Amino acid sequence: MASIKPFLPLSPSLKQAILSPSPSSLISCKPTFDSSVSLPISHSNRLPRLVAVSVAFNPSGNFDISLYDDDDDSSKVSPPMPPSDGRIEVVIDNDVISRLDLSPFHSATGITSPSSAETKVFLERTIGFTINYTREDPHDLRELSEFPDIRLWFVRLDATYPWLPVVLDWRAGELARYSAMLVPHQMSMRMGVVFNPEALELFIMKKVFVVYSWLKQHKVPKPRLKTSDMARMLGFGIGDELFDLIDQHQGAPS
């Protein structure tokens, strides 16, 4: 039977340590980690209600596990790299966001329907977003991913084009920011975006199913590798056993 591993409470000093079960019948969906430390996982464990262990990801896709920002003297998270050359830029502003208007995305990408995407072009050029958002309160220090109206626009975009994460400009942090629009999180000066771990795991698994099927449908070479790379950018490793199961039990085409 397929299995997705739950998270355990980790001590503040523990850095990225989760070990997959050994039986071959289990499917590994786990955070990637340094091999110096390992921690076996039991399905009966649950996170305590009063201690919220956060899995934090910086815009480059790396992650760190900690309870508090001041657990060590690590430097603040590095800024993302500049946008990739030639990427497709989608520009949105307050007006577009308030009307849940997806036309700027359609105009920039040329996509007119979920089935009209030129897969290879978008995978090569990638897509990014410029968000020109004017805050009502100039002293509002929230990040863009913390504004409900912006997040709602991205929720609609994702519902229309659920395969979009795979064609984003990963190296410039677009995948991490896009995920932050859709997954509950907090912001940390040291660690960057701190996702709710269970919500992030569900989000990643859903995208793995969607993206892998979409890549295969469009006959993109090495769909497993591309899908795994996407999950790895958010700190998760996907085993071949999962892809084997998907291939053995294909769902009806949408």
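Residues numbered from 1 in each chain as written. Predicted model: local features only at pLDDT ≥ 70, side-chain atom pairs only at ≥ 80, totals over all residues. Heavy atoms only, no water.

J.: Sorry if this is basic, but what is going on with unusual backbone geometry here?
T.: When glycine is set aside, most residues are seen to have a negative phi, and most peptide bonds are trans. Here T126, not a glycine, exhibits a phi torsion of approximately 70 degrees, which is positive. Checked against the element boundaries, T126 lands in the loop between α3 (119-125) and β5 (127-132). Its relative accessible area of 12% is what places T126 among the buried residues. (Helix = DSSP H or I, 4+ residues; strand = E, 2+ residues; numbered from the N terminus. Buried < 20%, exposed > 50% of the residue type's maximum accessible area, 1.4 Å probe, protein only.)

J.: Is there a simple way to explain the packing of helix α6 (residues 197-217) against helix α7 (residues 223-233) in this structure?
T.: Helix-helix packing: each pair is described by the crossing angle between the helix axes and the interaxial distance. Contact geometry of α6 with α7 gives a least axis separation of 9 Å together with a crossing angle of 155 degrees. As judged from the angle between their axes, α6 and α7 are roughly antiparallel. Judged by the twist between their axes, the crossing of α6 over α7 is right-handed. Contacts between α6 and α7 involve I204, K207, V208, V211, Y212, L215 and K216 on the former and, on the latter, P223, R224, K226, T227, M230 and A231. Split by residue class, the contact of α6 with α7 holds eight nonpolar, one polar and four charged. (Axes fitted to C-alpha atoms, helices over the stretch in contact; angles between N-to-C directions. Parallel < 35°, antiparallel > 145°, perpendicular 65-115°, else oblique. Left-handed = near helix turned anticlockwise from the far one by under 90°. Contact = heavy atoms within 4.5 Å. Nonpolar A, V, L, I, M, F, W, Y, C, P; charged D, E, K, R; others polar.)

J.: It is not clear to me how the packing of α7 against helix α8 (residues 240-248) should be interpreted in this structure. Could you clarify?
T.: α8 packs onto α7 with a crossing angle of 125 degrees between their chain directions and a minimal axis gap of 11 Å. Between α7 and α8, the crossing angle belongs to the class labelled oblique. In this structure, α7 meets α8 at a crossing whose hand is right-handed. Mapping the contact onto sequence places R224, T227 and S228 in α7 and D240, F243, D244 and D247 in α8.

J.: Just checking my understanding: could you explain α8 for this structure?
T.: Owing to its 3.6 residues per turn, the α-helix brings residues three or four apart onto one side. Taken together, the buried positions of α8 are occupied by L242, F243 and I246. Buried residues of α8 fall within an arc of 95 degrees about the axis and therefore sit on the same side. Where α8 is buried, its residues meet α6, α7 and β8 (236-238). (Arc of directions from axis to C-beta.)

J.: Quick question: what am I supposed to make of the confidence of the model for the protein here?
T.: Close reading of the predicted structure is inappropriate where its pLDDT is low. Per-residue pLDDT for the protein averages 76, and the proportion of residues at 70 or more is 68%. Mean pLDDT per element in the protein: strand β2 (residues 54-57) is the minimum at 37, and helix α1 (residues 94-98) is the maximum at 98. (pLDDT = per-residue confidence, 0-100.)

J.: Can you help me understand the pairing of strand β6 (residues 185-188) in this one?
T.: Look at any regular strand and the pattern is simple: side chains alternate between the two faces of the sheet. Bridge analysis of β6 against strand β7 (residues 192-195) gives four bridges, and the strand direction is antiparallel. Among the inter-strand pairings, Q186 is bridged to a residue of β7, identified as V194. Between the end of β6 and the start of β7, which pair antiparallel, lie three residues. (Pairing = 2+ DSSP bridges.)

J.: Help me out: how do you make sense of the nonpolar core in this one?
T.: As a rule of thumb, nonpolar side chains are buried together in soluble globular proteins. Core analysis: the largest hydrophobic core is formed by 53 residues, its most contacted members being F129, I131, F154, L157 and L164. By residue number, the principal contributor to this core is α6, which donates nine residues. Ignoring any residue separated from it by four or fewer positions in sequence, one finds L157 in contact with L102, F105, F129, L164 and Y178. (Core = buried A, V, L, I, M, F, W, Y, C linked by side-chain atoms within 4.5 Å.)

J.: Explain α7 to me, please; I cannot follow it from the model alone.
T.: All of the buried residues in α7 are P223, T227, S228, M230 and A231. One face of α7 carries all of its buried residues, which in axial projection span an arc of 155 degrees. Positive backbone phi, at 90 degrees, marks G235, one or two positions downstream of α7.

J.: Any chance you could explain the pattern of salt bridges here in plain terms?
T.: As a working rule, side chains carrying opposite charge can pair if their charged atoms are close by. Inspection of every chain in the model, using the stated rule, returns 13 salt bridges. Its salt-bridge partner being R99, residue D101 comes within 3.2 Å of it at the nearest N-O pair. Using a relative accessible area of 48% as the deciding quantity, one classes R99 as partly exposed. Residue R224 pairs with D244 through a salt bridge whose shortest N-O separation is 2.7 Å. (Salt bridge = Lys/Arg side-chain N within 4 Å of Asp/Glu carboxyl O.)

J.: I keep staring at the environment of W153 and nothing clicks. Help me out?
T.: Tracing the backbone shows W153 in helix α4 (residues 148-160). What W153 contacts, discounting residues up to four positions off in sequence, is I92, V96, I97, L100, D101, L102 and F129. A polar atom in the side chain of W153 sits 2.8 Å from the backbone oxygen of D101. (Polar contact = N/O pair within 3.5 Å; in protein donor to acceptor, adjacent residues only side chain to side chain.)

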